[in-house]
Amino acid sequence: MSFVHLHLHTEFSLLDGATRIEKAIEKAKELNMSAVAITDHGAMYGVIDFYKAAKKQGIKPILGCEVYVAPRKLTDKEARMDDYQYHLILLAKNQEGYQNLLKLVSKSFMEGFYYKPRIDHEVLKQYHEGLICLSACIGGEVPSYLLKGDYEKAKETALFYQDLFGKENYFIEIQDHGMPEEKRANHDLIRLAEEIGAELVATNDVHYLVKEDAEAHDALLCIQTAKFVSDEDRMRFPTEEFYMKSAEEMEELFSYIPKALENTEKIAEMCNVEIEFGHYHQPDFAIPEEYADEDSYLEDLTKQGLKERYGENPPEEYQKR
C-alpha cells in the first residue's frame, strides 16, 4: 500500500521542527513516496525551497501550513482567554488555494498575532477556496472538544468546516504516536466521520526524520522553551514516534482502517500547484477615476500620509519635496 505524508514540519517550524528540507525530500524518495507535504507551524517560509527541492528529486510537492486558529476572534487578545490556539491543516489544491493560503498566513501575522500567528473562522470564510482542510492532531479544534467530552460541540465544529470547505475537501485526521489521548480521540473521530459523512485520513506528525533524532529534537524544544534537558517540569514530546515513517509502518498502525491510508494518495492527487519562476508579478492597483495617472494618485496618497503622521505642518525637509 502506498502512503503520502501530509503533516510534516521542517526547520521552518522554528525551534520545533528538526527536519531539514533537502533531507526530508531525500527520505521521501528513499521511502518510494510519490509526494510529500510541508505543513510548518503558522508560517510558509520554507515553501519555495521545499517546492524546488521536491521538483528536483521528482517528488510532487504539496504546499500547506498548520495554521493556528484563535478560540474567539483573531482580534481578541485577552490574557488567559486568547493565549491558546487550535491547530488546523490547510493544503493548497490549486493556484487559488495557494494564494488564499498566503493571504491567511499574512493576516495571521499582521492582524491576529498573539503569542502565535492566528486566524479565525471569519477570515477562513473569506479565503477558503482552493484549499483542503484536515482536522489536525489532538491540538485541533475537533479533537480538543472530544477530549473534553463535548461530542456535540466537536460535531458542530466539524460540520462548520465541512460546510465551508465542501465535503470533498474536508478530512477527519487520525494519528497514532502511542499516546493514550490519541487512541481515545480516534475512537470518537471515526464515529464522528461516519455520522457526518466525512472521509478519514491517517497522518504522522513528522518533526524529525528518523527515530534516533528524537533526542536531538528534545534538545531543540529545550532551546525554544529556555529549559534544560534535565528539567522535569517542561514541554516534551511523550514518545519517539514523531518521525517520517514508511508506508509499511503506517499500514501496521492503521491496518484496521486502510481507507484512511488510501486517502493520503487521493489528497496528493487533488493538490496541483505550479509555481512559475523567472517572471515578475506586479500587483495591479486600481486608480480612482478622478486621477489622471498613477503618479498623481501616488502623490496625493503621500500627502495624505504626511498629514496623518504630522498634521498640517510636516517637517521642513518634506515640504520641499
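Position numbers for residues count from 1 along each chain, tracking the sequence in the order it is written. pLDDT decides what is reported in this predicted model: residues at 70 or higher carry local features, side-chain atom pairs at 80 or more are listed and counted, and totals for whole chains, interfaces and linings draw on all residues regardless. Note that water and hydrogens are dropped before the side-chain values are worked out from all heavy atoms of the structure.

Visitor: Before we go on, may I ask you to explain the packing of helix 1 (residues 21-30) against helix 2 (residues 47-56) in this structure?
Guide: Two measures define how a pair of helices packs: the angle their axes make with one another and the distance between the axes. For helices, the fitted axis covers only the stretch in contact; all axes are lines through C-alpha atoms, and the angles between them, taken along N-to-C directions, range from 0 to 180 degrees. Segments assigned H or I by DSSP are reported as helices when at least four residues long, segments assigned E as strands when at least two residues long, and all are numbered from the N terminus. Running from amino to carboxyl end, helix 1 crosses helix 2 at an angle of 35°, the nearest separation of the two axes being 9 Å. The chirality of how helix 1 crosses helix 2 is right-handed. Residues Ile 21, Glu 22 and Ile 25 of helix 1 touch helix 2, and the partners they reach there are Asp 49, Phe 50, Ala 53 and Ala 54. Amino acids are sorted into nonpolar (Ala, Val, Leu, Ile, Met, Phe, Trp, Tyr, Cys and Pro), charged (Asp, Glu, Lys and Arg) and polar (every other residue, Gly among them). Counted by class, the contact of helix 1 with helix 2 contains five nonpolar, no polar and two charged residues. Take the far helix as your reference; a near helix turned counterclockwise from it by less than a right angle gives a left-handed crossing, and one turned clockwise gives a right-handed crossing. In what follows, a contact means two residues having at least one pair of non-hydrogen atoms within 4.5 Å.

Visitor: Is there a simple way to explain empty space enclosed by the protein in this structure?
Guide: Over the atoms a probe the size of a water molecule is rolled, and this reveals where empty space is left. Throughout, the protein atoms alone are placed on a 1 Å grid, and a set of points is a cavity if a 1.4 Å probe fits but cannot get out or a pocket if it is open with protein on both sides within 12 Å along at least five of seven lines; lining residues have an atom within 4 Å of a point. Grid points are joined across faces, edges and corners, and a volume is the space filled by probe spheres set on the points. Summed over the entire model, instances satisfying the criterion amount to one cavity of 30 Å³ or more. Space inside the largest cavity adds up to approximately 50 Å³. Lining of the largest cavity is provided by Ala 136, Cys 137, Ile 138, Pro 143, Glu 173, Ile 174, Gln 175, Glu 182, Asn 186 and Leu 189. Mapped onto the lining of the largest cavity, the elements with two or more residues apiece are strand 6 (170-174) and helix 7 (180-196).

Visitor: Please explain the packing of aromatic side chains as it appears in this structure.
Guide: Given two aromatic rings, their pairing is described by the distance between the two centres and the angle made by the two planes. Side-chain rings of Phe, Tyr and Trp (the six-membered ring for Trp) are treated as a pair once their centres are within 6.5 Å; stacked means planes under 30 degrees apart, edge-to-face means over 60, and tilted covers the remaining angles. Scanning the entire structure with this criterion turns up twelve aromatic pairs. Seen in terms of ring centroids, Tyr 84 and Tyr 86 are 5.4 Å apart; in terms of plane orientation they differ by 90°. Their pairing is edge-to-face. Buried, partly exposed and exposed residues are distinguished by accessible area as a fraction of the type maximum, computed with a 1.4 Å probe on protein chains only: under 20%, between the cut-offs, and over 50%, respectively. For Tyr 84, a relative accessible area of 42% puts it in the partly exposed group. Its relative accessible area of 6% is what places Tyr 86 among the buried residues. Summarising the aromatic geometry, the rings of Tyr 161 and Tyr 170 are spaced 6.1 Å apart at their centres and angled 20° between planes, so their arrangement reads as stacked. Each member of the pair, Tyr 161 together with Tyr 170, is buried.

Visitor: It is not clear to me how the nonpolar core should be interpreted in this structure. Could you clarify?
Guide: Nonpolar side chains tend to gather and get buried jointly when the protein is soluble and globular. Nonpolar core, defined: a set of buried Ala, Val, Leu, Ile, Met, Phe, Trp, Tyr and Cys residues in which side-chain atoms within 4.5 Å join the residues together. Core analysis: the largest hydrophobic core is formed by 67 residues, its most contacted members being Leu 63, Leu 90 and Leu 124. No other element matches helix 6 (residues 151-165), which puts six residues into this core. Beyond its immediate sequence surroundings of up to four residues, Leu 63 is in contact with Ile 38, Val 47, Phe 50, Tyr 51, Leu 90, Leu 91, Ala 92, Tyr 98, Leu 101, Val 273 and Ile 275. Core analysis: the second largest hydrophobic core is formed by 16 residues, Leu 6, Ile 89, Ala 268 and Cys 271 among them.

Visitor: How should I be thinking about the layout of surface pockets in this particular structure?
Guide: Approximately 790 Å³ is the volume attributed to the largest pocket. In terms of lining residues, the largest pocket is bounded by 33 residues, among which Asp 16, His 41, Tyr 68, His 87 and Met 235 are the most central. In terms of residue class, the lining of the largest pocket is built from 17 nonpolar, nine polar and seven charged.

Visitor: Explain the pairing of strand 1 (residues 35-41) here, please?
Guide: Side chains on a regular strand alternate between the two faces of the sheet. The buried fraction of strand 1 is high, at seven of seven residues. When DSSP locates at least two bridges between a pair of strands, those strands are taken to pair. Across seven bridges, the pairing between strand 1 and strand 2 (residues 60-69) is parallel. Looking across to strand 2, one finds that Val 36 is bridged to Pro 61. Clockwise travel from the first strand over the helix to the second, with the strands pointing away from the viewer, marks a crossover as right-handed. In the classification by handedness, the crossover that spans strand 1, the intervening helix 2 and the parallel strand 2 is right-handed.

Visitor: Explain the environment of Lys 148 here, please?
Guide: Inspection of the secondary structure puts Lys 148 in the loop between helix 5 (141-147) and helix 6. Spatially, the C-alpha atoms of Lys 148 and Ala 185 are 9.9 Å apart, while their sequence positions differ by 37 residues.

Visitor: Can you walk me through the pairing of strand 5 (residues 131-134) in this structure?
Guide: Here strand 5 shows no split at all, with Leu 131 and Cys 133 on one side and Ile 132 and Leu 134 on the other all buried. Relative to strand 5, strand 3 (residues 86-92) runs antiparallel, the two being bridged by four bridges. For Ala 92, the partnering residue across the bridge sits in strand 5 and is Leu 131. Relative to strand 6, strand 5 runs parallel, the two sharing two bridges. Looking at strand 6, one finds that Cys 133 is bridged to Tyr 170.

Visitor: Can you help me understand helix 2 in this one?
Guide: Think of an α-helix as turning once every 3.6 residues; residues three or four places apart then point the same way. Turning to helix 2, its buried residues number three or more, namely Val 47, Phe 50, Tyr 51, Ala 53 and Ala 54. Buried residues along helix 2 sit in contact with helix 1, strand 1, strand 2 and helix 3 (95-110). Following helix 2 by one or two positions, Gly 58 has its phi on the positive side, about 75°.

Visitor: What exactly am I supposed to notice about the pattern of salt bridges here?
Guide: Two side chains with opposite charge may pair up if their charged atoms get near one another. For this analysis, a salt bridge means a side-chain nitrogen from Lys or Arg found within 4 Å of a carboxyl oxygen belonging to Asp or Glu. Taken as a whole, this structure holds 17 salt bridges when the rule is applied. A salt bridge links Lys 155 to Glu 195, with the nearest nitrogen and oxygen atoms 3.1 Å apart. One end of the pair, Lys 155, is in helix 6; the other, Glu 195, is in helix 7, and 40 residues separate them in sequence. The partly exposed category is assigned to Glu 195, whose relative accessible area is 39%.

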